[in-house]
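Residues per chain, in single letters:
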Amino acid sequence: MLDTGSSGFMLVSAMLVLLMTPGLAFFYGGLSRRKNVINTMFMSLAAIGIVGVVWVICGWSFAYGGDGSIPFFGGFDQLGCVTAVQDMLAEASGTATAFSALTGEATVDATASASYPAIINIVFQMAFAMITTAIITGAVAGRMKVGAVMAFCTIWVVLIYAPLAHMVWGGDGSFIGDMIGALDFAGGDVVHISSGLTGLVLCILLGKRRGFGMLSYRPHNVPFVFLGATLLWFGWFGFNAGSAFADNGTAGLALLNTVAASAAASLSWIGFERILTGKCTLTGGATGLVAGLVVITPAAGFVEPLAAVFMGLIVSPICYLAISRMKAKLGYDDALDAFGCHTVGGIVGGVLTGIFCVPELSWTENGGLLYTGDPSLLFAQVLGILVTVAFVAVGSLVIALVVKALFGGSLRVSEHDEGLGMDVIQHGESAYPAFVGLD
């Protein structure tokens, strides 16, 4: 009764997305300082552990449970993923044959067919939550207590990520996806805007790193940066193509658009960097690759390949200026530029979706402004982004203040410990033992 092709496709897509968080660990680790690389990579590992447990216990249910009657929240009916397992067993016995890929619900209907078991989607969506949570940690690298990071991320996944996923992808009755009518193919709002904005809130609360503005913070290991970026690039194919939830033409389109946008963004970053600085760097090209992946995420299955190329070309200069100029002008210390790359790139992608969306590919009745001349979808995209920003910013601030109170009124390590490095102080190990005590 199941489509083995789609089942296999979704299993592979889930595994590709799972690869992204270790890839991010290398990307962030290479960008960090030598004395903090273990801590930076550890935080991605912590995200894997936290989300892997929380998602099974309640995250999946809060995001995709319920009957659709609550616009902002799933429900409690799938706690522990028990319902999905029961449905799988029922299907194996021939009593349940229809599964919803988005909600995990099964119905008893001998005439219905299903594309793949909904339990696969639990893992797929879990991997999305993992990478989203890990992205946050880049903004606070080098100064936030490990325990505070883990406590914050645990609460954040439950109270921010899961409800936001429901608001965007919860189907009929969801606030952003249905009521507002905003489109988000694979996570522009849910993954990128939310994670980068949360990182911004945290880094402002933490304050600037020791020596920020006086010391040069260059990547300590450029090959790590490139390795991490290419692992993200590879995993992103499951991230975007898998969001078609079937091995079909939409998945193929999403895959092609992902390659095209990331390639264009990498070239655009290299060219823009060369014009402004006279040099083109491997770190810049890798960062542009990631920015292109971010910008196409909300639009991957909705736009034509030429539009994907244009989106990649335009996002890199915007993210470059956000990272190199806006951050310095506003004075916040987003250590590894989670906000400048992910939130800024996600907003650009969401807005451009409202312009370039092909009407026949849209999940709503509206198409992009370029095709229809009707600004309705563009307005819905902007409104969806504004709702996401408001919900995430306020919610993350409240959670951060609670965690701060729980950790003695401070989220960050002492100035002394920060100077010695997070690796030795927080973890008792060093990535480069010969360089212990050196920056």
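Being a predicted model, the structure only gives us computed values, none of them experimental.

A. Local environment of helix α14 (residues 376–406). With 31 residues, α14 extends 45 Å from end C-alpha to end C-alpha; this agrees with the ideal 45 Å at 1.5 Å per step. Positive phi appears at G408, one or two residues downstream of α14, with a value of about 70°.

B. Seen up close, a nonpolar patch on the surface. On the surface, V394, V398, V402 and L406 cluster together to form a nonpolar patch covering roughly 380 Å² of accessible area. Within the secondary structure, V398 is located in helix α14. The class for V398 is partly exposed, based on a relative accessible area of 47%.

C. The packing of helix α5 (residues 146–169) against α14, seen in detail. Packing of α5 against α14 brings their axes to within 10 Å, and their N-to-C directions diverge by 155°. The pairing of α5 with α14 is recorded here as roughly antiparallel in orientation. In the crossing of α5 with α14, the sense of the turn from one axis to the other is right-handed. Mapping the contact onto sequence places A148, A151, F152, I155, W156, L159, I160, P163, L164 and M167 in α5 and T388, F391, V392, G395, S396, I399, A400 and V403 in α14. By residue class, the composition of the contact of α5 with α14 is 15 nonpolar, three polar and no charged.

D. Spatial organisation of the packing of aromatic side chains. All chains considered together, the criterion is met by 23 aromatic pairs. Where W60 meets Y64, the ring centres are 5.0 Å apart and the plane angle is 45°; that geometry is what we call tilted. In this pair, W60 and Y64 are both assigned in helix α2 (residues 37–64), four residues apart and thus about one turn of the helix distant. A single burial state applies to W60 and to Y64, both of which are buried. Arranged with centres 5.0 Å apart and planes meeting at 85°, the rings of F302 and W363 form a pair that is edge-to-face. Residue F302 is located in the loop between α10 (282–296) and α11 (305–330), and its partner W363 is located in the loop between α12 (338–356) and α13 (369–372); the two are separated by 61 residues in the primary sequence.

E. Broad picture of the nonpolar core. Among the nonpolar cores identified, the biggest contains 121 residues, and F27, W55, Y161 and F239 are the most heavily contacted of them. A per-element tally of this core places α5 first, with 15 residues. Those residues in contact with W55 that lie beyond four places of it in its chain are W60, A63, Y64, C81, I122, Q125, M126, A129 and Y161.

F. Looking closely at the environment of G428. Looking at where G428 falls in the secondary structure, it is placed in the segment after α16 (422–427). As a C-alpha pair, G428 and M326 span 102 residues in sequence and 36 Å in three-dimensional space.

G. Representation of the side chain of T132. Examined against the element boundaries, T132 turns out to sit in helix α4 (residues 118–137). Only 2.7 Å separates the side chain of T132 from the backbone oxygen of F128, close enough to count as a polar contact. Not counting residues within four places of it along the chain, the set of residues in contact with T132 comprises W156, Y161, V190, V191, S194 and S195.

H. Spatial organisation of empty space enclosed by the protein. Evaluated as defined, the whole model comprises two cavities of 30 Å³ or more. Its volume calculated, the second largest cavity comes out at about 30 Å³. Taken together, L183, G188, D189, P298, G346, G350, Q381 and I385 make up the full set of residues lining the second largest cavity. Broken down by secondary-structure element, the contributors of at least two residues to the lining of the second largest cavity are α7 (188–206), α12 and α14. Among the residues forming the lining of the second largest cavity, the class breakdown is three nonpolar, four polar and one charged.

I. Local environment of the layout of surface pockets. Within this model, the largest pocket holds a volume of roughly 1,200 Å³. At the level of elements, α1 (4–31), α9 (249–277), α10, α11 and α12 are the ones that each hand at least two residues to the lining of the largest pocket. Of the residues assigned to the lining of the largest pocket, the class counts are 20 nonpolar, 13 polar and ten charged.

J. Inspection of the environment of F9 at higher detail. With respect to the secondary-structure elements, F9 resides in helix α1. It is 8.9 Å that separates the C-alpha atoms of F9 and G238, two residues lying 229 residues apart in sequence. Setting aside chain neighbours within four positions, we find F9 in contact with A241, G242, A246, D247 and A251.

K. A look at α1. Here α1 is 28 residues long and its end C-alpha atoms lie 41 Å apart, about the 40 Å a rise of 1.5 Å per residue gives. With a side-chain oxygen lying 2.9 Å from the backbone nitrogen of G5, the N-terminal cap of α1 falls on D3.

L. Representation of unusual backbone geometry. The phi torsion at C81 lies on the positive side, around 55°, for a residue other than glycine. Following the sequence through the fold, C81 ends up in the loop between α2 and α3 (82–92). The phi dihedral of D337 falls on the positive side, at around 65°, and the residue is not glycine. Relative to the elements of secondary structure, D337 occurs in the loop between α11 and α12. Overall, the relative accessible area of 16% leaves D337 in the buried class.

M. Fine view of the side chain of H342. Turning to its location among the elements, H342 is positioned in helix α12. Residue classification places H342 among the buried residues on the basis of a relative accessible area of 5%. In terms of polar contacts, H342 uses its side chain to reach the side chain of H192, at 3.0 Å. Residues contacting H342, with those up to four places away along its chain left out, are Y28, I135, H192, I193, S195, V290, V294 and D337.

Criteria and cut-off values
- Residues numbered from 1 in each chain as written.
- Predicted model: local features only at pLDDT ≥ 70, side-chain atom pairs only at ≥ 80, totals over all residues.
- Heavy atoms only, no water.
- Helix = DSSP H or I, 4+ residues; strand = E, 2+ residues; numbered from the N terminus.
- Expected span 1.5 Å × (residues − 1).
- Patch = residues over 30% accessible without salt bridge, like charges linked within 9 Å, V, L, I, M, F, W, Y side chains within 5 Å.
- Areas by Shrake-Rupley, 256 points an atom, 1.4 Å probe, with all protein chains shown as cover.
- Salt bridge = Lys/Arg side-chain N within 4 Å of Asp/Glu carboxyl O.
- Buried < 20%, exposed > 50% of the residue type's maximum accessible area, 1.4 Å probe, protein only.
- Axes fitted to C-alpha atoms, helices over the stretch in contact; angles between N-to-C directions.
- Parallel < 35°, antiparallel > 145°, perpendicular 65-115°, else oblique.
- Left-handed = near helix turned anticlockwise from the far one by under 90°.
- Contact = heavy atoms within 4.5 Å.
- Nonpolar A, V, L, I, M, F, W, Y, C, P; charged D, E, K, R; others polar.
- Phe/Tyr/Trp six-rings, centres within 6.5 Å; stacked < 30°, edge-to-face > 60°.
- Core = buried A, V, L, I, M, F, W, Y, C linked by side-chain atoms within 4.5 Å.
- Polar contact = N/O pair within 3.5 Å; in protein donor to acceptor, adjacent residues only side chain to side chain.
- 1 Å grid on protein atoms, 1.4 Å probe; cavity = no way out; pocket = protein on both sides within 12 Å on 5 of 7 lines; lining within 4 Å.
- Points joined across faces, edges and corners; volume = space filled by probe spheres on them.

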